[in-house]
Amino acid sequence: KAGRMADSLDFDLYIVGGFPRDLVLGQVNHDLDLVVEGDGIEFARELSKELGGHLDIYHEFGTAVVSLEDLKLDIATTRVEYYPQVASLPEVEHGSIQQDLFRRDFTINALAIQLNQASFGQLVDYFSGKKDLEKGLIRLLHNFSLYDDPTRIFRGFRFASRYDYNFEENTEDLFKHAIELDVIEKLSSDRLFNKLELGLKDRNPVRFISLLDEYNILSYFSPGIEWNHETEILENNVTKVLDWLHDLEIVTSFEEWVLYLIVLVHGLNETEIKDFANKFNINKNLFDRLMTSLKADKYIRILHDAEDNSAIYYLLQGLAIEDMLFLLIKDFSLEEEIKLYLEKLQWTDIEVSGEEIIALGYSPGPIFREVLDEVRKAKLNGEVETYEEEKEYLEQ
Ligand code: ATP
């Protein structure tokens, strides 16, 4: 339908970006980025009239979004970009599809599929993107690309790690030169952290980090971060721990990428973690996770020495799920203790309350807490189970 609509307006219409790339790879991509050689906004208006759905127009970018029930279409006009200065915002003009593809980051992302009826489904490949996909190569489209937009360095690492690709030789040199010339310094810390986050959220965070290390980029995040054999082992343990948690089938909510981040910064000392958190505006919850990781070795020792369930409970009760998983990433032999806590101990509730203690003739006071804590301990350790047993325990 979109193709026919474009035909009637006499526009050429293409699907670009991740969709054609992943289609060639036989993978599914739900991002539908359309470009129109003509007028993208006019096309979007006509299309939403025809298909219904909701239309948002962004005049300042010359783009539009048509949101249908379970489909979102991003629509732009083919354009050409000029970067007046390093890492500045580009100046944009209408251009041909070829120019539009040339302004993109890598050949594998510069493919298009035509949607007009007469040539529906035809792959448009000016820069041999298909060949690079087959060879597993990340190749820049032009020599100034990384100066124009240094975030492409991180995009390159993300695609290289996601698909397990390598950099084409000249591209590798361009990466090394741009990095040596410190182009990353031009990025704001917000953007820098966002690029790290995207990489850690992608399919192969461990390779992503090892690429950051290989190209000497970790120090932009903190001078103290080290990628060594131990870190690599720990990063690899993350998947194992996530699989373990998945098999437990308990409901928890946390973001997996945070575990990779904790491992990445776990060698930093307190001051370095604080500097890192300040520089990147880290939120309170994440900051707490990073700080707790400083005490991991101590917690691991306590758990190994725990003599009964209540000792496990009182330690883990104060920790977030990410903290516990980090303990496992460091020492998987604690799996039984942490499993016991997650599946059972954390839900331990006692049924007796202050009322039963008053009934025994005591008046309310700080002693209540202590007494109730004693009952809880007995319950955690399996000495009492039912409400009746709790009451008997109280009476003793
Ligand atoms: P993902 O699978 O991670 O969504 P994607 O390539 O689809 O990857 P988007 O960020 O949605 O990612 O980008 C869509 C397309 O826009 C890319 O395929 C690429 O052609 C182009 N693009 C995105 N960011 C840049 C950039 N910084 N420089 C040049 N082109 C870019």
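Fair warning: this is a prediction, and the values are worked out from it, not measured in the lab.

*Asks:* Sorry if this is basic, but what is going on with the overall build of the protein chain here?
*Replies:* Looking only at helices and strands, the protein chain features 21 helices and 11 strands. Radius of gyration (C-alpha) of the protein chain: 28 Å, far over the 21 Å computed for a compact globule of 396 residues. C-alpha atoms of the protein chain, sized along the principal axes, occupy 90 × 50 × 35 Å. Classification of the 396 residues of the protein chain by burial places 48% in the buried group. A separation threshold of at least 6 residues defines the contact pool for the protein chain, and within that pool the share at least 24 residues apart is 64%. Of the roughly 20500 Å² that the protein chain leaves accessible, carbon and sulfur atoms contribute 46%.

*Asks:* Got a minute to help me understand the packing of helix 16 (residues 309–316) against helix 20 (residues 367–380) in this structure?
*Replies:* When two helices pack together, their arrangement is given by the angle between the helix axes and the distance between those axes. Packing of helix 16 against helix 20 leaves a shortest axis separation of 8 Å and a crossing angle of 115 degrees. Classified by chirality, the crossing of helix 20 by helix 16 is right-handed. Here Asn-309, Ser-310, Tyr-313 and Tyr-314 of helix 16 lie close against helix 20, whose contacting residues are Asp-373, Arg-376, Lys-377 and Leu-380. Looking at the contact of helix 16 with helix 20 residue by residue, the classes come out as three nonpolar, two polar and three charged.

*Asks:* What is the right way to read helix 7 (residues 151–163) from this model?
*Replies:* Given 3.6 residues per turn, any residue in an α-helix points the same way as the ones three and four places further on. Taking 1.5 Å of rise per residue, 13 residues should cover 18 Å, and helix 7 covers 19 Å from first to last C-alpha, within 8% of that figure. Burial analysis of helix 7 places 12 of its 13 residues in the buried class, the great majority of the element. For helix 7, the set of buried residues is Thr-151, Arg-152, Ile-153, Phe-154, Gly-156, Phe-157, Arg-158, Phe-159, Ala-160, Ser-161, Arg-162 and Tyr-163.

*Asks:* Help me out: how do you make sense of the sheet that holds strand 5 (residues 71–77) in this one?
*Replies:* The pairing of strands in a sheet comes from backbone hydrogen bonds and takes either a parallel or an antiparallel form. The seven strands are arranged 3-4-5-2-1-8-9 in an open sheet whose pairing can be described as mixed. The outermost strands of the open sheet, each flanked by one partner alone, are strand 3 (54–58) and strand 9 (123–124). Bridge count between strand 1 (residues 12–16) and strand 8 (residues 112–114): three bridges; the pairing is antiparallel. Counted as the bridge partner of Ile-15 is Ile-113 from strand 8. Packing against the sheet, helix 3 (residues 40–51) makes contact with strand 1, strand 2 (32–37), strand 3, strand 4 (63–68) and strand 5, and its axis sits at approximately 150 degrees to strand 5.

*Asks:* I tried to follow the nonpolar core on my own but got confused; where do I start?
*Replies:* As a rule of thumb, soluble globular proteins bury nonpolar side chains together. In this structure, Phe-157 and Ile-217 are the most contacted members of the largest nonpolar core, which totals 86 residues. In terms of nonpolar packing, the next biggest core, distinct from the first, is built from 18 residues, Leu-34, Ala-44, Val-66 and Ile-113 among them.

*Asks:* Explanation requested: the environment of Arg-103 in the structure shown.
*Replies:* Relative to the helices and strands, Arg-103 resides in the loop between helix 4 (97–102) and strand 8. According to the relative accessible area criterion, Arg-103 is buried, its value standing at 17%. Residues Arg-103 and Ser-145, 42 residues apart in the sequence, show an inter-C-alpha distance of 8.5 Å. Sequence-distant contacts of Arg-103, defined by excluding residues within four places in its chain, comprise Arg-79, Glu-81 and Arg-152.

*Asks:* How should I be thinking about the site of the ligand in this particular structure?
*Replies:* For the ligand, the set of nearby residues contains 17 residues, the closest of which are Arg-21, Asn-109, Asp-149, Arg-152 and Arg-162. In the environment of the ligand, an oxygen atom lies 2.9 Å from a nitrogen or oxygen atom belonging to the backbone of Asn-109. For the ligand, the accessible surface in isolation is 590 Å², of which the surrounding protein chains cover 75%. Sorting the residues of the shell around the ligand by element identifies helix 2 (18–24) and helix 7 as the ones contributing at least two each. Per-element tally for the shell around the ligand: the top contributor is helix 7, with six residues. Considered class by class, the residues forming the shell around the ligand number one nonpolar, five polar and 11 charged.

*Asks:* Honestly, a negative patch on the surface in this entry has me stumped. Any pointers?
*Replies:* A contiguous patch of negative charge, built from Glu-385, Glu-388, Glu-389, Glu-392 and Glu-395, is present on the exposed surface. Here Glu-395 lies in helix 21 (residues 387–395).

*Asks:* Whenever I open this one, the confidence of the model for the protein chain confuses me. Can you help?
*Replies:* Regions with low pLDDT carry predicted coordinates that are not meant to be interpreted in detail. For the protein chain, per-residue confidence averages 92 on the pLDDT scale, and 100% of positions sit at 70 or higher. Complex prediction metrics read pTM 0.91 and ipTM 0.98.

*Asks:* Please clarify how the side chain of Asp-132 should be interpreted in this entry.
*Replies:* Positionally, Asp-132 belongs in helix 5 (residues 129–135). Residue Asp-132 is classed as buried on the basis of its relative accessible area, which comes to 1%. At a separation of 2.8 Å, a polar atom in the side chain of Asp-132 contacts the side chain of Arg-139. Setting aside anything within four residues of it in sequence, one finds Asp-132 in contact with Thr-107, Ile-108, Leu-137 and Arg-139.

The rules behind the values
- Counting restarts for each chain: residues are numbered from 1 in the order of the written sequence.
- Residue-level local features of this predicted model are given only where pLDDT is at least 70; pairs of side-chain atoms are given and counted only at 80 or more, and the full residue set underlies all totals for whole chains, interfaces and linings.
- Side-chain measures here rest on the full set of heavy atoms in the structure, leaving out hydrogens and waters.
- Secondary structure elements follow DSSP: runs of H or I no shorter than four residues count as helices, runs of E no shorter than two count as strands, and numbering proceeds from the N terminus.
- Here the globule rule reads 2.2 Å times residues to the power 0.38, and the radius of gyration is calculated from C-alpha atoms.
- For every residue, the accessible area obtained with a 1.4 Å probe (protein chains only) is divided by the maximum for its type, and the residue is called buried under 20%, exposed over 50%, and partly exposed between those limits.
- Only heavy atoms matter for contacts: two residues are in contact if any of them lie within 4.5 Å across the pair.
- Using the Shrake-Rupley algorithm and a 1.4 Å probe, accessible areas are obtained, with residue cover drawn only from the displayed protein chains.
- Only C-alpha atoms enter the line fits that serve as axes; for helices the fit covers just the stretch in contact. Angles between N-to-C directions range over 0 to 180 degrees.
- Crossing handedness is defined as follows: a turn of the near helix away from the far one that is anticlockwise and smaller than a right angle gives a left-handed crossing, while the clockwise case is right-handed.
- Ten residue types, Ala, Val, Leu, Ile, Met, Phe, Trp, Tyr, Cys and Pro, are classed as nonpolar, four, Asp, Glu, Lys and Arg, as charged, and the remainder, Gly among them, as polar.
- Multiplying one less than the number of residues by 1.5 Å gives the expected span of a helix.
- Pairing between two strands is assigned when DSSP locates at least 2 bridges connecting them.
- The nonpolar core is taken to be a set of buried Ala, Val, Leu, Ile, Met, Phe, Trp, Tyr and Cys residues, with the residues joined through side-chain atoms within 4.5 Å.
- Nearness is judged by heavy atoms alone; a residue qualifies as near a molecule or strand once a single heavy atom is within 4 Å of it.
- For the purposes of these results, a polar contact is taken to be a pair of N or O atoms within 3.5 Å, where, inside protein, one atom must be able to donate a hydrogen and its partner to accept one; residues adjacent in sequence count only when each atom of the pair is a side-chain atom.
- Patch definition: residues with relative accessible area over 30% and no salt bridge; like charges joined within 9 Å; nonpolar side chains (Val, Leu, Ile, Met, Phe, Trp, Tyr) joined within 5 Å.
- Think of a salt bridge as a Lys or Arg side-chain nitrogen and an Asp or Glu carboxyl oxygen that are within 4 Å of each other.
- His is not counted, nor are the chain ends; Lys and Arg add positive charge and Asp and Glu add negative charge.
- In plain terms, the charge of a residue is placed at NZ if it is Lys, CZ if Arg, CG if Asp and CD if Glu.
- Every residue is assigned a pLDDT by the predictor, reflecting its confidence on a scale from 0 to 100.

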